[in-house]
2 protein chains.
Amino acid sequence: MLIAEPQFMPFDAALPLRSGASIGGYRLAYETYGRLNADRSNAVLVCHALNASHHVAGVYAGQDRSQGWWDNMVGPGKPVDTDRFFVIGVNNLGSCFGSTGPMHVNPDTGQVYGAGFPVVTVEDWVDAQARLLDALGIDTLAAVMGGSLGGMQALSWTLQYPQRVRHAVVVASAPNLTAENIAFNEVARRAIVTDPDFHGGDYYRHGVIPRRGLRIARMIGHITYLSDDVMNEKFGRQLRDAVQGDYKYSTQEVEFQIESYLRHQGDKFAEYFDANTYLLITRALDYFDPARAFGGDLTRALAPARASFLLVSFSTDWRFAPARSREIVRALLDNRRDLSYAEIDAPHGHDAFLLDDPRYLEVVRAYFDGIARSVGGAR
Amino acid sequence: MLIAEPQFMPFDAALPLRSGASIGGYRLAYETYGRLNADRSNAVLVCHALNASHHVAGVYAGQDRSQGWWDNMVGPGKPVDTDRFFVIGVNNLGSCFGSTGPMHVNPDTGQVYGAGFPVVTVEDWVDAQARLLDALGIDTLAAVMGGSLGGMQALSWTLQYPQRVRHAVVVASAPNLTAENIAFNEVARRAIVTDPDFHGGDYYRHGVIPRRGLRIARMIGHITYLSDDVMNEKFGRQLRDAVQGDYKYSTQEVEFQIESYLRHQGDKFAEYFDANTYLLITRALDYFDPARAFGGDLTRALAPARASFLLVSFSTDWRFAPARSREIVRALLDNRRDLSYAEIDAPHGHDAFLLDDPRYLEVVRAYFDGIARSVGGAR
C-alpha cells in the first residue's frame, strides 16, 4: 500500500500574480509518491480541480482506505505507475487543504487574509507549481496532468513553461468556460456572498461559517457534475420514504431521493470547505482563457506548446463537453503537435474523470507506458 | 388593440385537493379575450407556467404595450385568434398575481396562510379551472393549451375531463420531471427556505421578504431556461466594463455580462414574486406524473384522453427536451389518438415557447385554423 505523507514547502520571495498583486511568505502543501530517478526525468505533476488537494493517492499512516482523490489513477501498478514515476500532488494557493489560503494570516498585516486574499489565476498556480519544482530540483516534467480545472493547469503549463513539460494529459477540460459555466459559478458565489454569515468574507472573525451558501453552491455544483442519464438511473423519481407509496405533499420535507442526496452533499461540503476558497477557485475557472490575448484565436494561443498531449473527454459531460476538448485538439493539430485524443462513451457526466471507467483508465495507462519507455525508470 | 381587464371569480364550496386537504372560500383571477359564440363551442383555456398569470394578452387601460406573457400568441389575427376564439387566462391557486395564495387570509383561521397554504398539484389546478368554466357556463373547450408547466395542465385536462376538451396544445412540456429537473427545483427551494428572512414561510408577519433566496432561485431558473448556445451568442465571455480590456480580478464584483444579466433577473424577480408561491409551484412541477398510478406506464396513463393533440418541442430545450415530448407522442399514438407533433429547431432553449419563432407560431396558427373551421366563429 502506498503510504502518503503531506509535506510543506515555504516560499519567502513574493510571487507576482496576474492581477498585479503579489503574495509572499506562503507555503504549498504537497505529497510525492514513488522515487525520482537518477536523471530526474520521471516526475509527473498532478494538478487538482475545485475541491481536491495535494492528497492524490495512498493512505496516511493508520488509514485502511485511501482518501486520495485520484487513487484509482496513481499508485503502484496503476495507470500512472508510482513504481516508475515520481508523482507530485500539490495543493493550490488559496485552497483550504494546507497551502496558504484565505484562512491564514497575511504576514504583511498580521491579520487573517479573509476576503483580502489576492485573486489567483490558473497561470499563477502554474507559476507557484514551477517554483515548487525548482525547490525539489526538478527541471523537466515527464508529464503534467489534471482533470477539469486541473486540465486547464496542465494545458497552461505547456504554454507558460513549454521547455519544462514533455507530456500533458488534459482530461475533461476546456480552453475556457462558456457563459453557462460562468453562470453556474456566479449563482454559487452569490449564494455564498449573500449568506448573512459571510460577513464580507471575514466570517472567521465572527466565529461563523456561511454554511447556507456553501450548501447551495455545492448542490448546484453536483447537478452539473452528473449527467441527466446517470441521475435518472441512480435516483429517477424515487421517493425517499414513501408512506404507502403516496407523496407527503410537502414543499420543505425531503420527498425525492435526489433531494436527499443533494442535501447530504451540501451538508458534507459545508463542513469542510472554505467559502473564500470557493470564490477564488471558481473565479480562477472563469478567468482561464489562453486565447483571450490572441483575439480568441486558440491556435495562436497554443503555438508555444512543445509537449505531446493526451486529451480525454466523456460523452455525457455537459459541464466540459467533448466539443470543448475538440477545440483544444483542433488548435493543437493546427500547430502540428503530437497528440492522442480519446472520447470515452461514459454515462457519468463530468464526474467520469474521477471514476473507474476501464477504457478511460486503459487509455491513460497506455499513454504513460509510452512515456515510461522514454524515461529511465525509478528501479 | 386588445383591451384586457382582470376579473375575479369567488368560490365558496371547498375544493378537495390531491393531498387530502381542501381549500374553501377562494377566488380565481382570470381574463377573457374575444367573444363566446352562440353554442359556446369556441372557448380556449390558456394555462400558465411558473411565473406567469391570467394576464395572457392585451393591454390594460392606459398601457401602450402589452405585458401579457403570450401576447405574441393570443390576440386579433394572432395564431390563437381572438376574433374567432373566446380565450380564457386564469391565475392558478397558490400563485401571487390575484388568485388566492399564501399571502392571503385563510377564512377558516383569520390568519394569513403563509407556509400553511395547502400543497396544490397540477390536477388540483385543473379541477379549479373546471369549476371556473362551470361558473362561466362553458361545458366543452375547443382547446386547452399551455407551455412547460402549462402544458402539463393541458395534458392533465385531457385525462381528468376527457369529455370537456376537444383539442390540447402541449408546448415544451414533459410527462413528468427528471431527477435533474427536480434537483434544480430543490436547490432553488433550499435557497429560499434557508434564507433567514424566510421565517418558516411566515415572513409576511415579520415585514420582510426572503429576497436573497428568491434571487438565487431565479438565477438558477434562468440558466435552465436558456440554451448553452444562446447564452454563448448573447453573452459569451463578454466583460461588462473592461478597463483597458483587462479583468478586474475580483470574486464579488460583476466581471462578465452573463453575471450582470443574471443578477438583474434575480433582483427583478425578488421584487414581485412570492417565495411561498415559488415553493408551491415548483412542487406542483415535481409531483406531476400521470404515469405514476400505472407503474410508470404512460400509455395506460394517457388511455382516457379523447382530445386531439398538438405537441411542440424545441431542439435546444434541455429543461424539457424534445425526447420528453416524444414520450407523450408515443403514448398517445399507442392509444391511437389524433396528433400533430412539431420539433422546432430553435436556439433559445426552453424560453423558445414564449418567443417569436415564425415556424413555431405558424404551426400553432395552422392548428387553430383547423379548430376554427370545426367550431362556429364568434362573428
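In case you missed it, the structure is sitting above this.
The present account deals with the structure reproduced in this document. (Residues numbered from 1 in each chain as written. Chains lettered and ligands numbered in written order. Predicted model: local features only at pLDDT ≥ 70, side-chain atom pairs only at ≥ 80, totals over all residues. Heavy atoms only, no water.)

**Looking at the pattern of salt bridges**
As enumerated under the stated definition, the model contains 48 salt bridges over all chains in all. Note that Arg189 of chain A and Glu186 of chain A form a salt bridge whose closest N and O atoms lie 3.3 Å from each other. Taken together, the residues Arg189 of chain A and Glu186 of chain A, both in helix H3 (residues 179–193) and three residues apart, mark about one turn of the helix. One exposure class covers both Arg189 of chain A and Glu186 of chain A, and it is buried. Arg283 of chain A is the partner of Glu259 of chain B in a salt bridge, and the nearest nitrogen-oxygen pair spans 2.6 Å. Taken together, the residues Glu259 of chain B in helix H7 (residues 257–272) and Arg283 of chain A in helix H8 (residues 275–287) connect one chain to another. Arg283 of chain A matches Glu259 of chain B in its accessibility class, with the two residues each being buried. What emerges from the salt-bridge pattern is a single network uniting Glu186, Arg189, Arg283 and Asp286 of chain A together with Glu259 and Arg263 of chain B. (Salt bridge = Lys/Arg side-chain N within 4 Å of Asp/Glu carboxyl O. Helix = DSSP H or I, 4+ residues; strand = E, 2+ residues; numbered from the N terminus. Buried < 20%, exposed > 50% of the residue type's maximum accessible area, 1.4 Å probe, protein only.)

**Some details on the nonpolar core**
Tyr360 of chain A together with Tyr360 of chain B are the most contacted members of the largest nonpolar core, which totals 269 residues. In this structure Tyr360 of chain B touches Trp70, Met73, Val171, Val312, Phe314, Ile344, Ala352, Phe353 and Leu355 of chain B, once residues within four positions along its chain are discounted. (Core = buried A, V, L, I, M, F, W, Y, C linked by side-chain atoms within 4.5 Å. Contact = heavy atoms within 4.5 Å.)

**Describing the sheet that holds strand S4 (residues 26–33) of chain A**
Residue and element names in this part refer to chain A. An order of S1-S4-S8-S5-S9-S10-S11-S12 is seen for the eight strands of this open sheet, with the pairing classed as mixed. Two strands lie at the open edges of the sheet, namely strand S1 (7–11) and strand S12 (339–344), each paired on one side alone. Between one strand and the next, the sheet's axes are offset by a mean angle of 20°, whatever the strand orientation. Packing against the sheet, helix H11 (residues 358–374) makes contact with strand S5 (43–47), strand S9 (143–147), strand S10 (167–171), strand S11 (308–314) and S12, and its axis sits at approximately 175° to S11. (Pairing = 2+ DSSP bridges. Axes fitted to C-alpha atoms, helices over the stretch in contact; angles between N-to-C directions.)

**What to know about the interface of chain B and chain A**
With 59 residues of chain B at the contact, the number on the chain A side is 59 residues. Surface buried jointly by chain B and chain A totals about 5,100 Å² across both partners, of which 61% is contributed by carbon and sulfur atoms. The tally of links between chain B and chain A comes to eight salt bridges. A salt bridge links Arg237 of chain A to Asp289 of chain B, with the shortest nitrogen-to-oxygen separation between them at 3.1 Å. Counting across the interface, chain B meets chain A through 28 residue pairs in polar contact (both at pLDDT 80 or more). Elements represented by at least two residues in the side of chain B that touches chain A include exactly helix H3 (179–193), helix H5 (211–225), helix H6 (228–234), H7 and helix H8 (275–287) of chain B. For the side of chain B that touches chain A, the element with the highest residue contribution is H3 of chain B, accounting for eleven residues. Considered class by class, the residues forming the side of chain B that touches chain A number 29 nonpolar, twelve polar and 18 charged. (Buried area = accessible area lost by both parts, 1.4 Å probe. Polar contact = N/O pair within 3.5 Å; in protein donor to acceptor, adjacent residues only side chain to side chain. Nonpolar A, V, L, I, M, F, W, Y, C, P; charged D, E, K, R; others polar.)

**Comments concerning the packing of helix H5 (residues 211–225) of chain A against helix H7 (residues 257–272) of chain A**
All names here are of chain A. Put simply, H5 and H7 touch, their axes get as near as 8 Å, and they point 125° apart. Taken together, H5 and H7 sit at an angle that is classed as oblique. Considering only the axes of H5 and H7, their crossing is right-handed. Counting all contacts with H5, which are made through Arg211, Leu214, Arg215, Arg218, Met219, His222 and Ile223, the residues of H7 involved are Tyr261, Leu262, Arg263, Gln265, Gly266, Asp267, Phe269, Ala270, Glu271 and Tyr272. (Parallel < 35°, antiparallel > 145°, perpendicular 65-115°, else oblique. Left-handed = near helix turned anticlockwise from the far one by under 90°.)

**Focus on the packing of aromatic side chains**
Throughout the structure, instances matching the rule amount to 50 aromatic pairs over all chains. Taking the centre distance of 6.3 Å and the plane angle of 40° together, the rings of Phe256 of chain A and Tyr287 of chain B count as tilted. Here Phe256 of chain A is found in the loop between helix H6 (228–234) and H7, whereas its partner Tyr287 of chain B is found in helix H8 on a different chain. Taken as a pair, Phe256 of chain A and Tyr287 of chain B share a single burial class, namely buried. Measuring from ring centre to ring centre gives 6.3 Å for Tyr272 of chain B and Phe273 of chain B, while their planes differ by 80°; the resulting arrangement is edge-to-face. According to the relative accessible area criterion, Tyr272 of chain B is partly exposed, its value standing at 38%. (Phe/Tyr/Trp six-rings, centres within 6.5 Å; stacked < 30°, edge-to-face > 60°.)

**Observations regarding the sheet that holds strand S11 (residues 308–314) of chain B**
Residues and elements named next belong to chain B. Pairing is mixed in the open sheet, where eight strands are placed in the order S1-S4-S8-S5-S9-S10-S11-S12. A strand with exactly one partner marks an edge of an open sheet, and here the two such strands are strand S1 (7–11) and strand S12 (339–344). In this sheet, neighbouring strand axes are inclined to one another by 20° on average, regardless of whether the strands run parallel or antiparallel. In the sheet, S11 pairs with S12 via six bridges, with the strands oriented parallel.

**As for the relation of the copies chain B and chain A**
Superposition record for chain B on chain A: RMSD 0.0 Å, screw rotation 180°, translation along axis 0.0 Å. With respect to symmetry, the two chain copies, as superposed, fit the operation of a two-fold axis. Interface residue correspondence from chain B to chain A reaches 100%, placing this contact among same-surface, isologous pairings. (Least-squares fit on C-alpha atoms with pLDDT ≥ 70 in both.)

**Re H11 of chain A**
Think of an α-helix as 3.6 residues a turn; residues three or four steps apart then line up on the same face. All names here are of chain A. Relative to the 24 Å expected for 17 residues at 1.5 Å per residue, H11 spans 25 Å between its end C-alpha atoms, a close match to the ideal helical length. Residues of H11 that are buried include every one of Tyr360, Leu361, Val364, Tyr367, Phe368, Ile371 and Ala372, and no others. Down the axis of H11, the smallest arc covering the buried residues is 145°, so these residues share one side. In H11, the exposed positions that point more than 90 degrees away from the buried face belong to Pro358 and Arg373. Looking at the packing, one finds that the buried side of H11 touches S5, strand S7 (80–81), S9, S10, S11 and S12. Residue Asp357 occupies the N-cap position of H11, its side-chain oxygen lying 3.1 Å from the main-chain nitrogen of Arg359. (Expected span 1.5 Å × (residues − 1). Arc of directions from axis to C-beta.)

**Thoughts on the environment of Phe85 of chain B**
All names here are of chain B. Looking at the element boundaries, Phe85 is found in the loop between strand S7 (80–81) and strand S8 (86–90). Phe85 gets classed as buried once you look at its relative accessible area, which sits at 0%. Considering only alpha carbons, one finds Phe85 and Gly34, 51 residues apart in sequence, at a separation of 6.1 Å.

**Examining the pairing of strand S8 (residues 86–90) of chain A**
All names here are of chain A. Counting buried positions along S8 yields five of five residues, so the element is predominantly enclosed. Of the two faces of S8, the one holding Phe86, Ile88 and Val90 and the one holding Val87 and Gly89 are both buried throughout. Strand direction decides the pairing type here: S4 and S8, joined by four bridges, are antiparallel. Pairing of Tyr30 across the sheet is with Val90, part of S8. Bridge analysis of S5 against S8 gives four bridges, and the strand direction is parallel. Bridge pairing in S8 places Leu45 opposite Ile88.

**Some thoughts on the state of the cysteines**
Residues and elements named next belong to chain A. Counted by the stated rule, this structure contains zero disulfides over all chains. Cysteine Cys47 shares no disulfide, and the gap to the nearest cysteine sulfur, in Cys96, comes to 17 Å. On the accessibility criterion, Cys47 (1% relative accessible area) is buried. (Disulfide = S-S within 2.5 Å.)

**Let's talk about the packing of H3 of chain A against H7 of chain B**
Packing of H3 of chain A against H7 of chain B leaves a shortest axis separation of 9 Å and a crossing angle of 50°. Compared by their axis directions, H3 of chain A and H7 of chain B come out oblique. In the crossing of H3 of chain A with H7 of chain B, the sense of the turn from one axis to the other is right-handed. Seen from H3 of chain A, the contacting residues are Ala179, Ile182, Ala183, Glu186, Val187, Arg189 and Arg190 of chain A; seen from H7 of chain B, they are Ile258, Glu259, Leu262 and Arg263 of chain B. Split into classes, the residues belonging to the contact of H3 of chain A with H7 of chain B amount to six nonpolar, no polar and five charged.

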